[in-house]
Amino acid sequence: MKYALFLGCKIPSRLPAYAASTRAVFQHLGVTLLDLDFNCCGYPARSVSRDGFVLAAARNLALAGQAGLNVLTPCACCFGTLRHAIALLDEDAALRARITQALAAEGLAWSGAIEVEHVLPVLARVIGVDALAAGVRAPRTGLRVAAQYGCHTLRPSNMARFDNPLAPTIFEDLISLTGATPIDWPRRLDCCGDPLHDANAPLSETMTRAKIADALASGAEVMCTACPHCHLRFDGVQSDTADASIRTLLYTQLLGLALGLPAKSLGL
Amino acid sequence: MSHTLFHAALDASLLLCALGLLWRMSTWYRLRIGPDVQDVTLVHRLRALLRGLAAALFTRRAFHVGAALLLDVLLQRRLYRSDKSRWLTHLLIFVGFMGLLLMHALAAVVTLKLFTGYESTRNPYLFLRNLFGAMVVVGLAFFLFGLRHRRRHTRHAPARRPRDAAFVVLLGFVLATGFLLEADKIVSPQVFYRMAKEFNGSADPAELKPLRAFWASEFGVAFDDLTVPIAPDLLRQGRAMHEADCETCHAGAASAFVSYPVSRVLAPLARVLDAGQAPTWLLYLHVFACFIGLATLPFTRFYHAFAAPISLLVNGAGPGRALSSAGRAVRRALALDACVGCGICDAHCSVAPLARHLDNRYLLPSHKLIATGELTRGRLLPSGHPTDGARDAAWRAAEGAFGCTDCGRCTSVCPVGLDLDDLWQSGRADLARAGLTAPAQWVRARPALAWAELLQSDSWPRSFFDPDARDAPLSADRSSFSRCVQCQTCTNVCPVVAHSTDPGSGVDLTPQKVMNLLRLGLRDLAMGSSMVWSCATCYQCQEHCPQGIRVADIMLELRTLAVQRLGTVRSQKEFS
């Protein structure tokens, strides 16, 4: 099994541990991840230009198409944005024509055949929960974990096609197989606040702190993330505060530990 | 060449070069990039420099500095990783140039001291001089070819800089005059007689006949009074004379594998060239071109040979080290100076497709760096009453700066090792201080009603065609929001609304009210709403809407419309 690994803009420079742990886990599972010359997924351009956003996304998909690989991304926002672009290209013929023309200038083509996947569904459904559970060597028994879904994996559900948007279970299933205990917390599907970080910093911080407080009040020891934006947001807010804080852990790190991979290879 | 003239010209060039370098280096201590270094004084910076130097030389950091000197400066490790063909180009020019500089130009102070038997016309020196020269010529050809290729195939090629043209012209001229001079000296009877007089004791053509015959046939001197073919006897005599007086200093002319073929082209012109004193003025042209290169070094591409190693050493000396504000101040100003304009960052830039789509070069690092420098020097947005063009350029630069996703690739590929990440962050802060902000800020700086009034008075030619249908199809199509029944579900599930308990939190309207404005045909009012820019794009509204309205998608479309429409009226009003 082979995928083109789409790390996006945040992971290589701000959260290299996510790249390392993703590579380590998938290598352990026998999945090959290849690096292509990708650009930004297009999410930040959504506020500036619709065509610009779709072009950025489509260029990545065209590169993957050229290599004949489906795309795997550990970032919820990149995942949502790329799938969103695919949906727009499918529904808007005029847009598709403009993007096709812009890509042709670079010798690239939009084929429409490329699938974009997030790390969690590939682990849960392609590798399989049972197969993963069978490989657990060091169960994290007793660890109480809050699953931080992230918005763009779940919503809009008709484009993301990730899990039930109102009552998802995929993250909790993946946590359970490591031996840890997923806790139920009221704000689990809420926004982490990161997209407002620049636009409205105070509001953004209020949102992040509300989530942290909720997870702690619900008995979580660890906030488990599957998106660099959520992860960096929790770490960023907690880095300059004396308030009660919660430990953050990437899902690929949690799984890697359970599979018995060395902590160093997971960026821990 | 007269000694006095030579030394006067050399001293003058050195002085000009030193003054130019001081002037350029002074910017490292004058420019203030970023709000965190505005209070840093010259004394602070000089102290940081001395501390840095001391630490670099006398602590364990000396090891890092040494490694950086070898791997990054001399071997260009970073360039090798980023672009192999340009590494080869750089290597050819660098090794060739340094070879010529040390072995040939500085022969009296370097080569002679190291190798006692040095003679410029002996091997390996004769051969090496041609080899080094050929390396520079081939390297320059690669450089020009690559430049042309990039300009043709890149939408926003790095800015054209006069300093690059000056570099190519000067270096090319020095090389061309050098090879021509050597070729002309090979064919010149005049030079032959001068040498013969000095080492053979005679300049009499008749007396020198055997030697002339030998040198004409073996070394390519172009005498026009020799009868061909030359008798073998005469050649034998000539060889004996050559062995007695010349051989110790002369390797075969063919070792000059560039100049010798050139000399074959010049041979028929030898007499004319001699009559015109070509060996003398070619020497003057060659030497004075070098002096001009030296004097103008601080203002041509040659300057990077000075600034880039310093940048690499500064960055190599403190890996991942948190600097003092004085250190940051120097490093940022140095970054503006040390950028070679190679454009490798642009080729790896994450938002390059957006730069092409928006036709805004300021999204690309190499152009953004220039804009950062202009902003710092007060040239991007001149105080007083800037022209429309200047305002437009300033806002384009802001669009570029705030369009950066901070992916850090430019920093990781920069062959000069610049900390561009830090430069972009401080540059954005400076832009914001100058009133040039990201859309989320400048749109929200004015109430929705004020924007709507500005738009009313604007002479946008709406009647011709509606660009929104293309760029914002949902908000342009009534059917995408007319189903809204104002049930408030979107507002009830909105985390932004839920957390906005404080009236100053930047939420003027609820999502359902934004939808209602659209239903009422008040899109101009909707796009200026601060709610549109406080949307977290979490898609709860869209997911929960019982009428299937794409609320969040419409919010995002309204943002793109605001950037376009409000952007055109903003400049007109803001500064007038």
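Residues numbered from 1 in each chain as written. Chains lettered and ligands numbered in written order. Predicted model: local features only at pLDDT ≥ 70, side-chain atom pairs only at ≥ 80, totals over all residues.

Undergrad: Give a description of the overall build of chain A that names residues and reports values.
TA: Helix and strand counts for chain A stand at 12 helices and 8 strands. Here the C-alpha radius of gyration of chain A, 18 Å, is about what a compact globule of 268 residues would show, namely 18 Å. Seen along its three principal axes, the alpha-carbon backbone of chain A occupies a region of about 55 × 45 × 30 Å. Classification of the 268 residues of chain A by burial places 56% in the buried group. Partitioning the intrachain contacts of chain A with sequence separation of at least 6 by distance along the chain shows that 77% fall at a separation of at least 24. (Helix = DSSP H or I, 4+ residues; strand = E, 2+ residues; numbered from the N terminus. Rg over C-alpha atoms; globule rule 2.2 N^0.38 Å. Buried ≥ 20, exposed ≤ 12 C-beta atoms within 10 Å, placed from the backbone. Contact = placed C-beta atoms within 7 Å.)

Undergrad: So, the nonpolar core: which residues are in play, and what are the values?
TA: Counting residues in each nonpolar core, the largest one holds 245 residues, and the members touching the most others are A:Val71, A:Leu82 and A:Cys224. Of the residues forming this core, the biggest block, 11 residues, is contributed by helix α8 (residues 162-187) of chain B. When residues no more than four places from it in sequence are discounted, the contact partners of A:Cys224 are A:Val145, A:Ala146, A:Ala147, A:Gln148, A:Ile175, A:Leu249, A:Tyr251 and A:Leu254. (Core = buried A, V, L, I, M, F, W, Y, C linked by C-beta atoms within 7 Å.)

Undergrad: Any details on the pairing of strand β7 (residues 222-225) of chain A? Residues and values, ideally.
TA: Residues and elements named next belong to chain A. Here β7 shows no split at all, with Val222 and Cys224 on one side and Met223 and Thr225 on the other all buried. Pairing geometry for β7 and strand β8 (residues 247-250), over 4 bridges, is parallel. Each bridged residue has a counterpart across the sheet, and for cysteine 224 the counterpart in β8 is leucine 249. Each parallel crossover has a hand, and for β7 linked through helix α11 (residues 228-239) to β8 it is right-handed. (Pairing = 2+ DSSP bridges. Right-handed = clockwise from strand over helix to strand, strands pointing away.)

Undergrad: Go over unusual backbone geometry, please, and point to the residues and values.
TA: Look at the link from A:Arg155 to A:Pro156: it is a cis peptide, with omega at -10°. Relative to the helices and strands, A:Pro156 resides in the loop between α7 (151-154) and α8 (157-160). Residue B:Pro124 follows B:Asn123 across a cis peptide bond; omega there is 10°. Relative to the assigned elements, B:Pro124 resides in the loop between α6 (111-114) and α7 (125-153). Its identity as a non-glycine residue notwithstanding, B:Gln277 has a phi of 60°, on the positive side. Mapped onto the elements of the fold, B:Gln277 is located in the loop between α13 (270-275) and α14 (278-295). Residue B:Tyr539 is not a glycine yet carries a positive backbone phi of 65°. Take B:Tyr539: it is sitting in the loop between α31 (530-534) and α32 (540-544). With 27 C-beta atoms counted inside 10 Å, the residue B:Tyr539 sits in the buried group.

Undergrad: Explain the domain arrangement of chain A to me, using residue names and the numbers behind them.
TA: The accessible area lost on association of the parts is a frequent measure of interface size. All names here are of chain A. We note that the domain assignment places domain 1 (2-118) and domain 2 (129-266) within chain A. Placing a centre on the C-alpha atoms of domain 1 and another on those of domain 2 gives a separation of 23 Å. Contacts between domain 1 and domain 2 engage 23 residues on the former and 21 residues on the latter. At the level of secondary structure, the elements contributing two or more residues to the side of domain 1 that touches domain 2 comprise α1 (10-14), α2 (16-28) and α4 (76-91). Its residues assigned to classes, the side of domain 1 that touches domain 2 shows 13 nonpolar, 7 polar and 3 charged. (Domains from an automatic or database assignment. Nonpolar A, V, L, I, M, F, W, Y, C, P; charged D, E, K, R; others polar.)

Undergrad: I'd love a proper account of the sheet that holds strand β3 (residues 71-73) of chain A, names of residues and values included.
TA: Residues and elements named next belong to chain A. With parallel pairing, 4 strands are arranged side by side in an open sheet as β2-β1-β3-β4. For this open sheet the edge positions go to β2 (32-34) and β4 (116-118), each flanked by a neighbour on one side alone. With direction set aside, neighbouring strand axes in the sheet form an average angle of 40°. One ladder, built from 2 bridges, connects strand β1 (residues 2-5) with β3; its direction is parallel. Its bridge partner lying in β3, alanine 4 is registered against valine 71. (Axes fitted to C-alpha atoms, helices over the stretch in contact; angles between N-to-C directions.)

Undergrad: An account of the interface of chain B and chain A is needed here, citing residue identities and associated values.
TA: Counting from both sides, the interface comprises 37 residues of chain B and, opposite them, 35 residues of chain A. Those elements that place two or more of their residues in the side of chain B that touches chain A are α18 (352-358), α23 (439-444), α28 (495-499), α31, α32 and α33 (551-574) of chain B. Looking at the side of chain B that touches chain A, its residues break down into 18 nonpolar, 14 polar and 5 charged.

Undergrad: I'd like to hear about the confidence of the model for chain B, residue by residue, with values.
TA: With 96% of its residues at a pLDDT of 70 or more, chain B has an overall mean of 90. Listed scores for the predicted complex are pTM 0.92 and ipTM 0.97. (pLDDT = per-residue confidence, 0-100.)

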